[in-house]
Amino acid sequence: MKQSKIRGMVFAGLVLAAALSQTGCKPTDLSKENIIPKPVSVVATGSSFDLTDQTDIYVQGESAELKQIGQYLADKLNPSTGLGIEVKTSTEVPGPGNIFLSISGDDSELGDEGYELTITDKLVSLVANKPAGLFNGIQTIRQVLPAKVELASVQNGPWKIATGVIRDYPAYGYRGSMLDVARHFFEVEDVKNLIDQLAYYKMNALHMHLSDDQGWRIEIKSWPNLTAHGGKTEVGGGEGGYYSQEQYADIVKYAQDRYITIVPEIDMPGHTNAALASYPELNCNGKAPELYTGTEVGFSSLCTNKEITYKFIDDVIRELAALTPGEYIHIGGDESLATKIEDYIPFINRVQDMVEAHGKKVLGWDEIALATLKPNTIVQYWDKAENAKKGIAQGAKVLMSPAKYAYLDMKYDSTSTYGLHWAAYIEVDRGYNWDPAALEPEIKKENIYGIEAPLWSETVSNRQEAEYLIFPRLLGYAEIGWTPVEQRNWDNYKVRLADHGERMKAQNINFYPSKLVPWDAQKQK
Ligand code: TNX
C-alpha cells in the first residue's frame with residue numbers, strides 16, 4: 001500500500017474518532033460506566049441502546065407506586081433529552097426502544113432494595129422484588145447516561161446506554177446522612193434538595209437534628225413557645241426558623257416518595273437551651289435562660305428530677321411519633337456534661353420507655369449505652385468505641401458515624417473555608433478509605449445497623465456552604481454503605497468520582513474540588 005493511502009486512512013480514522021467524540025457517541029462498554037455506588041456486578045455485552053423520541057417508560061400493571069417511580073425517571077430525563085418520554089402501563093414486555101419496570105419478587109439475593117438491570121440494544125428492563133429496588137435501579141439508569149442528562153435545559157443527543165446486565169444490592173440496610181437544622185436553620189426546599197441527592201446515591205435515611213441549644217425547629221402544638229421563642233435565632237444571631245407540622249409532614253412525604261426515611265432527633269437531656277429558654281418550668285431553678293447563639297456544647301440540661309420534664313418529653317414524642325412513619329425516634333443523649341451520670345442513666349431509661357409507648361424504637365448517640373438499653377435500641381457511634389461496645393454487649397446494633405472518618409462538618413484540610421477540625425481533617429480519600437466493620441475488632445459487620453454521615457451546621461448557614469462540606473464526600477459514604485468492601489478501591493473510585501463532578505456541576509452543586517480527584521480527565525466525556 002502506498003504511504004499516502006495509509007496516511008489517508010489514518011486521517012479518516014482520526015476524523016471519525018473526532019466526530020464520534022463530538023457527538024458524544026459513547027463507548028459501548030457498560031463495565032466502564034462511572035456508577036456511584038459501584039454496583040455489585042456488571043456484565044457488559046458490547047452494544048448499545050438508544051434513547052429516542054420513540055422511547056417511553058412502561059411499568060408493569062396498574063400500580064400507582066410503580067407509575068410514580070416511572071414518572072420520577074421521566075421527570076429526570078425529559079428536561080435535558082427533550083425526548084418527551086411518557087409513563088405507560090403494560091402487562092407484558094413492551095416493544096423495542098422502551099424502558100420496562102417490573103416487580104418479580106423471587107430473587108432473594110436482591111433483597112428489598114436490590115435490582116437487576118438488563119440493557120439490550122432493544123430494551124432497558126429493570127426488575128426488582130420491591131418498589132424500593134426499582135427506585136434504586138432508576139438511579140443507575142440516570143448514571144449510565146452522559147453527565148449532561150442532569151442539566152435542566154435541552155441538550156443534543158445521542159442518548160446511548162451501553163448494553164449488559166447489572167445486578168446490585170446494598171451491603172448495609174441503613175445508609176444515611178444527617179442535617180443539623182438547629183445550629184443554622186435550613187428551608188424546606190434545601191432539605192428536599194438534599195433528599196434528591198441522597199436518592200441519587202441510593203441512600204435511604206435522613207436524620208434531622210431538630211433541636212439544640214441554639215434553636216428548636218419543629219412545631220409542637222402542645223408546647224407552642226418552643227418554636228415561637230426557641231426557634232427565633234441560630235448560631236451567629238441570624239433569624240433562625242422552624243418547620244410547622246405541615247411543612248415537616250411535607251418533608252417526610254417527599255422523602256417517603258424517594259424511599260428515604262426521615263429520622264427525627266430531639267436531643268436531650270443536654271443540648272436543650274432553646275427549650276429551657278422557652279419554658280422556665282423545665283429548669284431546675286425555674287428560671288429561663290437567654291437564647292444562645294454561640295457554639296459551645298455541654299452547658300444545658302433538662303431538669304431530670306422534675307415531673308414536668310417527663311410530661312414535656314411525652315408530649316413532644318407523642319406529636320413527633322404521629323408525624324413519623326419510620327420506626328425510629330432519635331433521643332440524642334450526647335455530651336450531657338451538665339447532667340450528673342446518676343441522673344442521666346434513669347433519664348435515658350425512662351425516655352426509652354416513652355418512645356416505646358408511642359410505638360417507636362430508640363436511636364441515640366453512643367453515650368446512651370451507659371443506660372440499660374431496650375432490645376431494639378440502636379447506638380450511634382460517633383465518639384467512643386467503648387460506648388458502642390457497651391451497646392453491643394447489651395444486644396444493640398450500632399450505627400456507624402465515627403467523627404474521625406464520617407463527619408461531614410470536618411474540614412478537608414487546614415485551608416478549608418468552612419468546617420471544624422476537632423476530630424480530624426477529612427480529605428476525600430480519608431472519608432472513603434475505611435471499612436465500618438474493620439475499625440474496631442469488637443464491632444463486626446453483624447453488629448452494624450448501617451452508616452450515617454452527619455453534617456453539623458455551626459459553620460455553614462446556607463445551602464451553598466453546606467454543599468461545600470457535603471459534596472463530594474457524601475458519595476463516598478454512599479458507596480461505603482452500599483458496595484461490598486472487597487470491591488471498593490480509592491484509585492478506581494476517584495475516576496468515577498471525577499465523572500460525577502460533571503454531574504454535580506450540571507445540578508449546580510457547590511462541591512469541594514479536591515486536588516486528589518482527576519476532575520479534568522473526565523471533562524471531555
Ligand atoms: C459534637 S457529635 C456534637 C455536636 C457538634 C459536633 C461538631 C455529637 C453527638 N455532638 O453537638 O455539633 O460535635 O462537630
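Further up the page is the structure itself.
Described below are features of the structure shown in this document. Residue positions are given per chain, counted from 1 along the sequence in the order it is written. Since the coordinates come from a predicted model, pLDDT governs what is reported: local features require at least 70, and pairs of side-chain atoms require 80 or more to be given and counted, while whole-chain, interface and lining totals use all residues. Hydrogens and water molecules were not included; the side-chain quantities draw on all heavy atoms of the structure.

**Focus on the state of the cysteines**
Put simply, the test is: Note on terminology: pairs of cysteine sulfur atoms within 2.5 Å are recorded as disulfides. A run of H or I in DSSP counts as a helix once it spans at least four residues, and a run of E counts as a strand once it spans at least two, with each numbered from the N terminus.
This model, assessed by the stated rule, comprises 1 disulfide. Here Cys284 pairs with Cys303 through a disulfide, and the sulfurs are 2.1 Å apart. Since a negative S-S torsion denotes a left-handed disulfide, the Cys284-Cys303 link at about 100 degrees is right-handed. Taken together, the positions of Cys284 in the loop between α7 (273–278) and α8 (307–322) and Cys303 in the loop between α7 and α8 put the pair 19 residues apart, joining distant regions of the chain.

**Observations concerning the nonpolar core**
For clarity, the cut-off: Only buried residues count toward a nonpolar core. Its members are Ala, Val, Leu, Ile, Met, Phe, Trp, Tyr and Cys residues joined through side-chain atoms within 4.5 Å. Only protein chains enter the calculation, and the probe is 1.4 Å; a residue is then buried if its accessible area is under 20% of its type maximum, exposed if over 50%, and partly exposed in between.
Judged by nonpolar contacts, the single largest core of 135 residues is most densely connected at Leu206, Met208, Trp216, Tyr243, Phe312, Ile313 and Tyr477. Formed by 9 residues, the second largest nonpolar core is a distinct cluster that contains Tyr172, Tyr381, Met400 and Ile443.

**Comments concerning the site of the ligand**
To keep it simple, the criterion reads: Whether a residue is near a molecule or strand depends on its heavy atoms: if one lies within 4 Å, it is near. For the purposes of these results, a polar contact is taken to be a pair of N or O atoms within 3.5 Å, where, inside protein, one atom must be able to donate a hydrogen and its partner to accept one; residues adjacent in sequence count only when each atom of the pair is a side-chain atom. Accessible areas in this description were obtained via Shrake-Rupley with a 1.4 Å probe; residue shielding takes into account the shown protein chains only. Residue type decides the class: Asp, Glu, Lys and Arg count as charged, Ala, Val, Leu, Ile, Met, Phe, Trp, Tyr, Cys and Pro as nonpolar, and the leftover types, Gly among them, as polar.
For the ligand, the set of nearby residues contains 13 residues, the closest of which are Arg183, Tyr407, Asp409, Trp422 and Glu458. Between Asp409 and the ligand, the recorded distance is 2.6 Å, taken from a side-chain N or O atom to an oxygen atom. Glu458 places a polar side-chain atom, nitrogen or oxygen, 2.6 Å from an oxygen atom of the ligand. Within the complex, 97% of the 360 Å² of free accessible area of the ligand lies under protein. Partitioned by chemical class, the residues of the shell around the ligand number 7 nonpolar, 1 polar and 5 charged.

**A look at helix α4 (residues 188–200)**
To keep it simple, the criterion reads: A helix's residues, less one, multiplied by 1.5 Å, set its expected span.
Relative to the 18 Å expected for 13 residues at 1.5 Å per residue, α4 spans 19 Å between its end C-alpha atoms, a close match to the ideal helical length. By the burial criterion, the buried members of α4 are Val188, Asp190, Val191, Lys192, Leu194, Ile195, Asp196, Gln197, Leu198, Ala199 and Tyr200. Count one or two residues on from α4 and you reach Lys202, which has phi positive near 65 degrees.

**What to know about the sheet that holds strand β14 (residues 361–365)**
To be explicit about the condition: The criterion for strand pairing is that DSSP finds at least two bridges linking the strands in question. Axis geometry follows a simple rule: fit a line to the C-alpha atoms, using only the stretch in contact for helices, then measure angles between N-to-C directions, giving values from 0 to 180 degrees. Here a residue-residue contact requires only that any non-hydrogen atoms of the pair lie within 4.5 Å.
Pairing in this closed barrel of 8 strands is parallel, and the strands run β8-β9-β12-β13-β14-β15-β16-β17 around the ring. Strand-to-strand twist of the sheet, defined as the mean angle between neighbouring strand axes without regard to direction, takes the value 30 degrees. Two elements, strand β8 (residues 174–180) and strand β9 (residues 205–209), share 5 bridges in a ladder whose sense is parallel. Note on β9: the bridge partner recorded for Gly176 is Ala205. Helix α9 (residues 341–357) rests against β12 (261–268), β13 (328–332) and β14 of the sheet, and its axis sits at about 160 degrees to β13.

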